[in-house]
Amino acid sequence: MSALEGKSHARFPQTRWSLVRSASAGSERALGELCEAYAPPVYAFFRGEGFGPQDAADLTQDFFASKILDPERRAGVLRDPEELAVRFRRFLRTCLKNFGLHARERLSAKKRGGHLQLVSFDAAAVEARVALLSEEERSNAFDQLWAKSVVDRVFRRLYTELKPTARVVLQRTVQAAPDREIATELGISSNAVAKSRQRTLRQARQLLRQELQDTVSTEDDLDGELDELAKVYSLPPWLRVEE
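The structure reproduced in this document is the subject of the present report. Please read all numbers here as calculations on a predicted model, not as lab measurements. (Residues numbered from 1 in each chain as written. Predicted model: local features only at pLDDT ≥ 70, side-chain atom pairs only at ≥ 80, totals over all residues. Heavy atoms only, no water.)

1. What about the packing of helix H8 (residues 123-131) against helix H10 (residues 141-161)?
At a minimum axis separation of 11 Å, H8 and H10 run at an interaxial angle of 115 degrees. As H8 runs across H10, the sense of the crossing is right-handed. Here H8 contributes Val-126, Arg-129 and Val-130 to the contact with H10, which in turn contributes Leu-145, Lys-148, Ser-149 and Asp-152. The residue inventory of the contact of H8 with H10, partitioned by class, reads three nonpolar, one polar and three charged. (Axes fitted to C-alpha atoms, helices over the stretch in contact; angles between N-to-C directions. Helix = DSSP H or I, 4+ residues; strand = E, 2+ residues; numbered from the N terminus. Left-handed = near helix turned anticlockwise from the far one by under 90°. Contact = heavy atoms within 4.5 Å. Nonpolar A, V, L, I, M, F, W, Y, C, P; charged D, E, K, R; others polar.)

Quick look at the structure:
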């Protein structure tokens, strides 16, 4: 059975598009959230295209400034992304491919004008992630880092929302500790450990769907994003969507 049942084509709240508009209007909160989510895969895309770390960082800045945060140029890529109901990830990839056609020329122009620092992200941390990718994975670096960013956000949200006991159960589950060992550490029964883990896993899967739901328009697209994520990123067993 699919992770989602009763497929309808009702439109979801398009949170990421709202973020783009808010960031374009000067909202620092929206810009920060947008960059935290998407600057790493955009940077990884340019590294996968053969640009060095500094050039990839400069191109990431230029990409956000000229393609995502500029309403007129954004509209030039897709007339009305919301109306077309595209996936936000697909929209970004389309923008990147178009942008990349003249990336080297743009880079030369930017170097003459100095480094642009519009968006804030830890390029060194992202570079460390890119360095761990295999040669084959680097050819698909954008989707690799997109998936990693999604899972990272799920982890952070989950850890924040869990109660202390549930946090320990999750941490020890990830470490593959047996229930009896976890129960002894916490002073609870093995049955209580199993129930806590079950609730946590259900919550984690819900958070994963919520993260992806913010970037699509229909349940069909949500299923598609879940499938794409599973193809490009090895989800931990406890987070995999139940069949």
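What follows continues from the structure just given.
2. Things to note about the packing of aromatic side chains
In this description, a pair of aromatic rings is defined by centroid distance and the angle of the planes. Tallied over the full model, the rule gives five aromatic pairs. Judged by centre distance (6.3 Å) and plane angle (80 degrees), the ring pair of Phe-46 and Phe-51 falls under edge-to-face. Residue Phe-51 is classed as buried on the basis of its relative accessible area of 6%. Taken together, the aromatic side chains of Phe-45, Phe-46, Phe-51, Phe-63, Phe-64 and Phe-99 make up a single cluster linked through ring pairs. (Phe/Tyr/Trp six-rings, centres within 6.5 Å; stacked < 30°, edge-to-face > 60°. Buried < 20%, exposed > 50% of the residue type's maximum accessible area, 1.4 Å probe, protein only.)

3. Here's the deal with the nonpolar core
Among the nonpolar cores identified, the biggest contains 55 residues, and Leu-34, Tyr-38, Phe-46, Phe-63, Phe-64 and Trp-146 are the most heavily contacted of them. Sorting elements by how many residues they give to this core places helix H2 (residues 28-48) first, with 12 residues. Ala-177, Ile-182, Ala-183 and Val-193 belong to the second-largest nonpolar core, a separate cluster that totals five residues. (Core = buried A, V, L, I, M, F, W, Y, C linked by side-chain atoms within 4.5 Å.)

By themselves, these figures tell us nothing about what the structure is for.
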